[in-house]
Amino acid sequence: MAANEEPTLDSTSTSTSASASAGLFGRLAPPLTLKERTSRERILADRYDVEAWVDLANEAQLRPISEATPIYEQLLSIFPTAAKYWRLYVEAQMATNNDDATRQIFSRCLLSCRHVGLWRCYVRFIHKVNESRGTDGRDEIKKAFEFTLQHIGTDIASGPIWMEYITFLKSLPAATLQEESQRMTLMRKAYQTAILIPTHHLEQLWKDYESFENAVSRALAKGLLSEYQPKYISARAVYKERKKLCEEIDENKLAVPPTGSLKEEQQCSAWRRLLAFEIGNPQRVDSVSSASRVTLTYEQCLMYLYHHPDIWYDYATWRADNGPKSSANEIFQRALQALPESEVLWYAYAELEESRGRVQRAKEIYEKLVRNSSTATALGYIQFLRFIRRNEGPEAARKFFSEARKSQKCTYHFYVAFAMMAFCLDKEPKVAQNVFEVGLKKFMLEPAYILEYADFLCLLNDDKNIRALFERALSLLPPEESTEVWNRFIRFEQTYGDLASMLKVEQRRKEALSRTGELVTESSEGSLQDVVSRYSFMDLWPCSSRELDHLARQKWLAKNFTGKPEKPFTMQTNGLPGLDKGSLGQGEGLRPLTSSKIIRPDLSRMIIYDPRQKPGAYLMNSSTPGLPPIPGGSLLHNSISGVASKLLDDTLRYISPPLASFIIQLPVGNGEHDADCKSAIEEETSYLIGNNDGEAHLEFKLLKQESATCSHEE
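Residues numbered from 1 in each chain as written. Predicted model: local features only at pLDDT ≥ 70, side-chain atom pairs only at ≥ 80, totals over all residues. Heavy atoms only, no water.

Asks: What is the right way to look at the overall build of the protein chain in this model?
Replies: Helix and strand counts for the protein chain stand at 34 helices and 4 strands. Going through the 714 residues of the protein chain one by one, you find that 46% of them count as buried. Contacts in the protein chain between residues far apart in sequence, at least 24 positions, make up 57% of those at least 6 positions apart. Accessible surface, the protein chain: about 37600 Å² in total, of which carbon and sulfur atoms supply 53%. (Helix = DSSP H or I, 4+ residues; strand = E, 2+ residues; numbered from the N terminus. Buried < 20%, exposed > 50% of the residue type's maximum accessible area, 1.4 Å probe, protein only. Contact = heavy atoms within 4.5 Å. Areas by Shrake-Rupley, 256 points an atom, 1.4 Å probe, with all protein chains shown as cover.)

Asks: I tried to follow helix α3 (residues 50–61) on my own but got confused; where do I start?
Replies: An α-helix turns once per 3.6 residues; consequently, residues spaced three or four apart project the same way. Taking 1.5 Å as the rise per residue, α3 with 12 residues should run 16 Å; its terminal C-alpha atoms sit 17 Å apart, in good agreement. Between the side-chain oxygen of the N-cap and the backbone nitrogen of E51 there are 3.4 Å, and the N-cap of α3 in question is D49. (Expected span 1.5 Å × (residues − 1). Polar contact = N/O pair within 3.5 Å; in protein donor to acceptor, adjacent residues only side chain to side chain.)

Asks: When you look at the nonpolar core in this model, what are you seeing that I'm missing?
Replies: Across soluble globular proteins, nonpolar side chains show a tendency to be buried alongside one another. Among the nonpolar cores identified, the biggest contains 160 residues, and F79, Y209 and F414 are the most heavily contacted of them. With 10 residues, the single largest contributor to this core is helix α21 (residues 412–424). Those residues in contact with F414, other than ones at most four positions away along the chain, are Y381, I382, L385, F400, F401, A404 and R405. Formed by 5 residues, the second largest nonpolar core is a distinct cluster that contains V532, W541, C543 and L548. (Core = buried A, V, L, I, M, F, W, Y, C linked by side-chain atoms within 4.5 Å.)

Asks: Any chance you could explain the side chain of E353 here in plain terms?
Replies: Looking at the secondary structure, you find E353 in helix α17 (residues 343–355). Within the structure, E353 has its side chain in polar contact with the side chain of N329 (distance 3.2 Å). Among residues more than four places away in sequence, those in contact with E353 are N329, R358, R361, A362 and I365.

Asks: Which parts of the structure should I look at to understand the environment of L205?
Replies: The topology assignment puts L205 in helix α11 (residues 202–216). In this structure L205 comes out as buried when scored by relative accessible area, which is 1%. Spatially, the C-alpha atom of L205 lies 6.3 Å from that of I195, the residues being 10 residues apart in sequence. Once you skip the residues sitting within four places of it in the chain, L205 turns out to touch W162, M163, I166, Y191, A194, I195 and T199.

Asks: Please clarify how the packing of aromatic side chains should be interpreted in this entry.
Replies: A complete count under the given rule lists 43 aromatic pairs for this structure. Relative to Y89, the ring of Y72 lies with its centre 5.1 Å away and its plane at 20°, an arrangement referred to as stacked. Of this pair, Y72 sits in helix α4 (residues 65–78) while Y89 sits in helix α5 (residues 83–95); the two residues are 17 residues apart in sequence, bridging distant segments of the chain. Look at F423 and F456: their rings are 5.3 Å apart centre to centre, the planes differ by 85°, and that puts the pair in the edge-to-face class. In this pair, F423 is assigned in helix α21 and F456 in helix α23 (residues 447–459), connecting sequence segments 33 residues apart. Both residues of the pair, F423 and F456, belong to the buried class. A cation over an aromatic ring shows up here: K231 above the ring of Y228, its NZ or CZ 4.8 Å from the ring centre. (Phe/Tyr/Trp six-rings, centres within 6.5 Å; stacked < 30°, edge-to-face > 60°. Lys NZ or Arg CZ within 6 Å of the ring centre and 35° of its normal.)

Asks: Looking at this structure, I do not really get the packing of helix α18 (residues 359–371) against helix α19 (residues 378–392). What am I missing?
Replies: Between two packed helices, what matters for the description is the angle formed by their axes and the separation of those axes. In contact at an axis separation of 10 Å, α18 and α19 are set at 155° when each is read in the N-to-C sense. Accordingly, the angle class assigned to the pair α18 and α19 is roughly antiparallel. Crossing of α18 over α19 shows left-handed handedness. Taking contact as the criterion, the partners of V359, A362, K363, Y366, E367, L369 and V370 in α18 are, on α19, G380, Y381, Q383, F384, F387, R390, N391 and E392. A breakdown of the residues in the contact of α18 with α19 according to their chemical character gives 8 nonpolar, 3 polar and 4 charged. (Axes fitted to C-alpha atoms, helices over the stretch in contact; angles between N-to-C directions. Parallel < 35°, antiparallel > 145°, perpendicular 65-115°, else oblique. Left-handed = near helix turned anticlockwise from the far one by under 90°. Nonpolar A, V, L, I, M, F, W, Y, C, P; charged D, E, K, R; others polar.)

Asks: Teacher, can you tell me more about unusual backbone geometry here?
Replies: The phi angle of most residues is negative, glycine excepted, and most peptide bonds adopt the trans form. Even without glycine at this site, N97 takes up a positive phi of about 60°. Secondary-structure assignment places N97 in the loop between α5 and α6 (99–109). Even without glycine at this site, M538 takes up a positive phi of about 50°. As for its placement among the helices and strands, M538 is situated in the loop between α27 (528–534) and α28 (545–562).

Asks: What's the story with the pattern of salt bridges in this structure? I'm lost.
Replies: Side-chain pairs of opposite charge can arise whenever the charged atoms involved come near each other. Summed over the entire model, instances satisfying the criterion amount to 33 salt bridges. The partner of E354 in a salt bridge is R390, with the nearest N and O atoms 2.7 Å apart. Taken as a pair, E354 in helix α17 and R390 in helix α19 lie far apart in primary sequence, 36 residues in all. The partner of K363 in a salt bridge is E392, and the shortest N-O contact between them spans 3.0 Å. Placement of K363 in helix α18 and of E392 in helix α19 is noted, with a sequence separation of 29 residues between them. With relative accessibility at 18%, the residue K363 sits in the buried group. Linked through salt bridges whose partners overlap, the residues forming this network are E353, R358, R361 and E364. (Salt bridge = Lys/Arg side-chain N within 4 Å of Asp/Glu carboxyl O.)

Asks: What is the right way to look at α17 in this model?
Replies: Helix length check: α17 (13 residues) gives 18 Å between terminal C-alpha atoms against 18 Å at 1.5 Å per residue, within 8%. All of the buried residues in α17 are L345, W346, Y347, A348, Y349, A350, L352, E353 and E354. Residues of α17 that are buried in the fold lie against α15 (309–322), α16 (325–338), α18 and α19. Of the residues one or two after α17, G357 is the one with positive phi, at around 85°.

Asks: How should I be thinking about a nonpolar patch on the surface in this particular structure?
Replies: Taken together, the side chains of L499, L503, L528, V531 and Y535 present a nonpolar region at the surface, about 470 Å² in accessible area. For the nonpolar patch, the secondary-structure elements that each account for two or more residues are α26 (499–514) and α27. One can find L528 in helix α27. (Patch = residues over 30% accessible without salt bridge, like charges linked within 9 Å, V, L, I, M, F, W, Y side chains within 5 Å.)

Asks: Explain the packing of α15 against α16 here, please?
Replies: At their nearest, the axes of α15 and α16 sit 7 Å apart, and the two run at 165° to each other. Between α15 and α16, the crossing angle belongs to the class labelled roughly antiparallel. For the pair α15 and α16, the sense of crossing is left-handed. The segment α15 lies against α16, with W312, Y313, Y315, A316, R319 and A320 engaging S327, A328, I331, F332, R334, A335 and A338.

Written out as structure tokens, the structure is:
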């Protein structure tokens, strides 16, 4: 594929180095316009910048074919299923009568781009180069039509191709009755096939078929039309549903890696609905015709979702169940060519081959995966190790481990996988422990590896070596990376140690982690959280859920009070919110659910909207600091006198600023609603200040009476 011939750029790379520019645009002429230069720079930053590529393609259409060719080649190396640009490229070559280049382009794009517009262009080209060649030329044109209809003849937009094919058959010369009979048979077969396909031109094709049969023989037409009319009606009903599904699909979309955007998700859902519709075979056609429609739908889906591994996998598994065995292999090979870094597709392909008994072929897939530096990972080595163990035995697996562990790609996970394989499957604990010890020399500073080794030693009931392992690890690990190891050490002592060792390890942990800021300053006697962690088991707790919540809140407040930041994370404790069983069991205590930094809105700036309020000057409340300007149309300032204003200012001193701001910005109103509002405010304000200052409460009541009097007078 042409995409593999070009150097690759990371989609998120921002490199603008000369080497990158030469790699991607080395064959292109220098940019002629500022817009073209800008587009190239954007593409260097993001190779899937669709807008930039579209701008370059528009520039290519204005240039001679010699200058446009490199642009098209670069664009189609990034978007190999962009049928629109393949068609523009090939039409530019056809315009210069470059037939050899046109044939090469068609050979590269036709089978991967099942687009009606591109295939009609192919038919026109074949017709153009063969129309003057007599009988041989007509045979080539006929083969081109049949080839086209075989691959996209069931598309909803394929009606014009069927009509062009029938028109071509009508134009065939018939010097004898036998040739005339053959021509009529071909036309009838084409009509009878076309009227069973739900296309936009279905009704027109049916009318043409009726005219055709009536022109040949009315007696024969009556029987044939009565036979095919129910099938035509069924196709028309399916067309209506098919049309609704196809209208949801954006055919102008270029294939880019998944971004998670809403539009992308909508397109994925639309394609899946169309695929489910075709797989369901609503027209109840034969299995061959149904498979042809599903295949076409998958191929067209991959034109737009080319970088989605789930579509490739679904297509391959469907072909494995509904086609020859080799067809699924071909889909997987195309998928790996499109997405070579998708590990899951490699595993799925190897699994398919292994499930069919082709072990050697599956092994070749794994070897290709781990030998390629761009695709080799620790997980790949682990899966290959498991494959060898189940198909070739423990000795072969041991040999592979000895060779593979030298690779830089093999992390501590590879050692853990082989050690547990030797312990569980081969029943060789000594071999497993030796593997862990070998890995310990390389991964002593990996807390996760220490914990895996400790779990293994627990399975052996080797408490002596477990304690030795923890002591060795904690003596070498940096304090800031030792938290999980300390937690596991404490959990071990809480489960299997005595009280003295348990308390000793907890104290050592506090001393070690207090220097790193991991723990809140606690008393030397410890905290209740430590007791909870010591005396809990699985989902059994020595206190109620309310007490657990209280402990979590106290821990959170202590963290925030000391100002020590902590990473937010979610905790689940068997339905008890706010408590992490694991951390309790490890003696670490409780952690907050969210960050202590909470952004709150500034309620003092809230302005209540009232469409009846007239714009006017804002009155400044000079006596109450921190309050916003008071609008001239405020209810209270329009309905009270100067004395009442003073009483209001005095009252506002006793309530919170947000409530005061709310009161002074109440909109103008009349009737019972205003009375209810003022009554509610009076009750709330009385509750807030009644116990603090009875005089202020009395003043507020006077203020309320004065305000009501003024409102009544108005």
